[in-house]
Amino acid sequence: MNLISLLLGIGVLLVIALAWFAVYYWLNPHVASPDGKARVVGICGDVMEISLKFKDDRVSEGSSWTNGCAHSFNCVCAAVDMAKGKSAEEILDIDGTLIQNAVGGLPRDHWHCAGLAAETLHAAVDNYMQTNLGLARQGKK
Ligand code: FES
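Residues numbered from 1 in each chain as written. Predicted model: local features only at pLDDT ≥ 70, side-chain atom pairs only at ≥ 80, totals over all residues.

## Section: the overall build of the chain
Heads up, the rule is: Strands are runs of DSSP state E lasting at least two residues, helices are runs of H or I lasting at least four, and both sets are numbered from the N terminus onward. For a compact globule the rule gives 2.2 Å times the number of residues to the power 0.38, and the radius of gyration it is set against comes from C-alpha atoms. Burial is judged by counting the other C-beta atoms within 10 Å of a residue's own C-beta: 20 or more makes it buried, 12 or fewer makes it exposed, and any count in between marks it as partly exposed, with every C-beta position built from the backbone. Think of it this way: build a C-beta for each residue from its backbone, and any pair within 7 Å is a contact.
Regarding its fold elements, the chain presents five helices and three strands. When the helices and strands of the chain are listed from N to C terminus, the series reads α-β-β-β-α-α-α-α. Expected size for 141 residues packed as a compact globule is a radius of gyration near 14 Å; at 18 Å, the chain overshoots this value by more than 25%. The C-alpha extent of the chain, read off along each of the three principal axes, is 70 × 40 × 25 Å. Looking at the chain as a whole, 30% of its 141 residues qualify as buried. Here the contacts in the chain between residues at least 6 apart in sequence split such that 55% fall between residues at least 24 apart.

Structure (structure tokens):
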């Protein structure tokens, strides 16, 4: 009887974990062959990644990932949402304060989460601009 309960418990946990992953990836689809991509490690040791796809010089798709806390997750998702439809220059105006406002504020000890999201977003734009400039100089764009 105890073995059956244990197996049932493990099965329920497995189903919950799989459902969480399915919802996470469904809500946060991966951008195939991004035009700009960045991975930044924050002062707290958390990592954020942002991938951006541009169409007509504006962000058409974006995806994000972090191994950080819920605040980090909210901030990096908000950063990508705020970037959608914007040009590279407009995205550089998105800072930690705007991201904090977008997520409804953060506790003082998590302000850096918004800063890291802004830094990662800017690094992805930087990567896009450098790649784009390089292609333009080579006459491929
Ligand atoms: Fe590290 Fe939020 S706690 S980025």
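## Observations regarding the domain arrangement of the chain
Applicable threshold: Either an automatic procedure or a domain database provided the assignment from which the domain bounds are taken.
For the chain, the domain assignment lists domain 1 (1-30) and domain 2 (31-137). Placing a centre on the C-alpha atoms of domain 1 and another on those of domain 2 gives a separation of 30 Å.

## Observations regarding the sheet that holds strand β2 (residues 47-55)
Counted only if it meets this: When DSSP locates at least two bridges between a pair of strands, those strands are taken to pair. Axis lines are fitted to C-alpha atoms, over the contacting stretch for helices. Their N-to-C directions set the angle, which ranges from 0 to 180 degrees.
With respect to topology, three strands assemble into an open sheet ordered β1-β2-β3, the strand pairing being antiparallel. Unpaired on one side and paired on the other, β1 (36-41) and β3 (58-66) mark the two borders of the sheet. Neighbour to neighbour, the strand axes of the sheet diverge by 15° on average, direction disregarded. When β2 meets β3, the two strands line up antiparallel, connected through eight bridges. Each residue of the ladder has a partner; that of S51, found in β3, is S63. Seen against the sheet, helix α2 (residues 70-83) touches β2 and β3 and runs at an angle of roughly 170° to β3.

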